[in-house]
Each structure stands twice: as structure tokens, then as C-alpha cells.
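Spelled out from the first residue to the last, the chains are:
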Amino acid sequence: MELFSISVNTRTDGEKEAFYRILSDKQKELHKQCRQLKFSFSASRDRVIWTCSGKLPLTAWTSSAEMVRRLISEAAAAYILEEKEQDIAARLLLSEFEFNDNEESERVLQWFLMLLAKDDNPSGDYSQQRRRKLKDSIFVCLSESPDLNLDGFMTFRMQSYEQELREMAEYAVDEFMLDQQYEEFVSLLKYFVYFQEPLMPLVHVVHKGGEDFLLLDGSLRPIEKMRDEGLVMERLDQDMEIEDMVVSTLISLSPARMIIHTREPDLPVIVTLAHIFDNRAEVCISCPECSPFLGSLANDDLTFPAKRDYNN
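## As for the pattern of salt bridges
Then, in step 1: According to the stated counting rule, one finds 14 salt bridges in the structure shown.
Then, in step 2: One salt bridge in this structure joins Asp87 and Arg11, with 2.4 Å as the shortest N-O distance. Taken together, the residues span a long stretch of sequence, with Asp87 in helix H2 (residues 63-96) and Arg11 in the loop between strand E1 (2-9) and helix H1 (13-33) at a distance of 76 residues.
Then, in step 3: According to the relative accessible area criterion, Asp87 is partly exposed, its value standing at 36%.
Then, in step 4: Judged by its relative accessible area of 58%, Arg11 falls in the exposed class.
Then, in step 5: A salt bridge links Asp151 to Arg47, with the nearest nitrogen and oxygen atoms 3.1 Å apart. In this pair, Asp151 is assigned in helix H5 (residues 150-156) and Arg47 in strand E3 (residues 47-53), connecting sequence segments 104 residues apart.
Then, in step 6: We classify Arg47 as partly exposed; its relative accessible area is 22%.

Below is the structure:
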């Protein structure tokens, strides 16, 4: 007799294959727990159905029935997360948040999907919460009826899971807007530096790791980190505080040429410095000047313009 069934409409062969793969993996575990179970797949056009059958009536299984429901719930949840979550996330984001235009909505959507993908690992807290909410909701549905229509479930029974997505979407929108503000602010700094007259011929920026920087003049003498907030704020006319003391000091010093010495040229702070000072900046990962501070590398002369293409 048929004990459980899961059905869903699929749009692509890839979705069909994913459904078959995920349910097949889980039915191996089900078979180990209850050898009397039998499984089958069927398809009619775009609809695929997985069926679990057994000789015993479900009511006679006691604890085994709950275990089977749990395993089936895990499989159905895995399919939704793998094949449907991005579509659900896109629908939720675009229906519940307002954007200036299609370009902005697309950029925020890609940001949102990137955050979901980044969190989609065994240790991801939000991913585990979403998976648990989904499994629990599916388990309740299977307890009410042995036939689970995933399309109906995704339309009417995923409130707790969608709330987790909604909170992630709110976070993604906030993070995107903050990132946009940051990019605009960096662009303003770059614009300011472009028109600023050089006040020093050369400044060495020695990145010793993390947030530890050492500023040296052309004669390799330390420069006191004094931040001229008034100058920067007045010129930019922005109600925004520069958090990075190094950036503020360098803008106040306005070097005609700046060499950034670092062993980590791809760090965001290094990339930002190079971007702000543009043609004035060079990035060095090893040279005679920085070796006493950062140690020597095999090649002791690796200085290049900040705009260097790292892929070449």
C-alpha cells in the first residue's frame, strides 16, 4: 500500500534530476531503517512524483512512522532549498521592498542571493534555521496527510521559513544601501584627492598587518598620525566621519606619490587606499625600503602601479 508521496511541478530537466537525486539519496537511508519499504518515481509532463510504499499500515509502525516522516521531511526540505529557494527569495524581495529602478532591484537581488549562497554551508546559522523551519513545517503536513504537494506547500505552508528569508532580505537591503553609501563616499574622497594640490612629494604607507599601519616620509622618517578632520570635512561638505585614521591622515598630507608596502595587496583597506589615491598610489609587496619592517621575500623588488591587473 502507498504510505507517502511527494509531488512537484518542475520547469527544467535539471529540477527533475535534482528531485530524483535528492529523494534517491534519502530513500537509501529510509531503506536501511525499514527494509519493508519500497520506492518509485513517476513523471507526467512537468510533474514528478515520488512514492513510498509498504506492506504494513502506517498506524502499526509506532515510532518508525515518525522516523520515516522526519527523513522524508529532510529530503523535501533539501529539494526546496537547492532548487526553489532562489526563486522564492526573488519573489519575496521584489514583492515586499521598493527600489528606484530595475537596475537597483537586480543589484540588490544579486546581493541577497550572494548572502544566501555564502550562508549555505553546514555551519551557517541562518541556513540551519531555514532548513529546520522548513523540515518542521513539512513534518506537520505529512502528519496531517501522507500526500505532500510541494507546490501547495510552498504557496500556503511556509510562513515560518519565509519569515527567516524576509529577515535575511531586510539585512541584505540594509547592507547593500550601506555599501552604496560607502562607495559614494570613497568616490567623493577620490574626487577630492584628484583636485587637491600635493603637499608632500612622497609618503610610504607600511601595512604591518591587520589595522596596523606605519606612515613614513620620503626619508623613511615616521609621520605623526594627526587627523585634520576640519579640512577633510569642510572640503567634502559631508556629514560623515572618516573612521580610518590612516585615510584621514593621508588625505591631509596629500602626497604627490604614495607607496603602499604590504604583504596582502588584495585586502579591502589596501584596495580602497589605492582606489582613493588612484595614479598617485603604487603597491609594493617587497622592496629594500619595506624589508626591514615586513621581512624579505625571494624577489626584493616587487612594486607596481596600484591599477595593476592582478589577473595578468
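## Remarks on a nonpolar patch on the surface
Then, in step 1: Nonpolar side chains collect at one region of the surface, where Tyr191, Tyr194 and Phe195 lie side by side and expose about 440 Å² of accessible area between them.
Then, in step 2: Take Tyr194: its relative accessible area is 64%, and that puts it in the exposed class.

## Section: the packing of aromatic side chains
Then, in step 1: All chains considered together, the criterion is met by seven aromatic pairs.
Then, in step 2: For the pair Phe19 and Phe41, a centre-to-centre distance of 6.2 Å together with 85° between the ring planes defines the contact as edge-to-face. Remark: Phe41 occurs in strand E2 (residues 38-44) and Phe19 occurs in helix H1; sequence separation between them is 22 residues.
Then, in step 3: A relative accessible area of 29% means that Phe41 is categorised as partly exposed.
Then, in step 4: For the pair Trp111 and Phe176, a centre-to-centre distance of 6.4 Å together with 70° between the ring planes defines the contact as edge-to-face. Here the residue Trp111 occupies a position in helix H3 (residues 102-119), and Phe176 occupies one in helix H6 (residues 159-195), the gap between them amounting to 65 residues.
Then, in step 5: A relative accessible area of 4% places Phe176 in the buried class.
Then, in step 6: Every member of this aromatic cluster is reached through a ring pair, and the members are Phe19, Tyr20, Phe41 and Tyr79.
Then, in step 7: Just above the ring of Phe139 sits the side chain of Arg70; from NZ or CZ to the centre is 3.8 Å.

## Thoughts on unusual backbone geometry
Then, in step 1: At Leu220, a residue that is not glycine, the phi angle is positive and equals roughly 65°.
Then, in step 2: Looking at the secondary structure, you find Leu220 in the loop between strand E6 (212-217) and helix H7 (229-236).
Then, in step 3: Residue Leu220 is classed as partly exposed on the basis of its relative accessible area of 35%.

What counts, and where the lines are drawn
Residues numbered from 1 in each chain as written. Predicted model: local features only at pLDDT ≥ 70, side-chain atom pairs only at ≥ 80, totals over all residues. Heavy atoms only, no water. Salt bridge = Lys/Arg side-chain N within 4 Å of Asp/Glu carboxyl O. Helix = DSSP H or I, 4+ residues; strand = E, 2+ residues; numbered from the N terminus. Buried < 20%, exposed > 50% of the residue type's maximum accessible area, 1.4 Å probe, protein only. Patch = residues over 30% accessible without salt bridge, like charges linked within 9 Å, V, L, I, M, F, W, Y side chains within 5 Å. Areas by Shrake-Rupley, 256 points an atom, 1.4 Å probe, with all protein chains shown as cover. Phe/Tyr/Trp six-rings, centres within 6.5 Å; stacked < 30°, edge-to-face > 60°. Lys NZ or Arg CZ within 6 Å of the ring centre and 35° of its normal.

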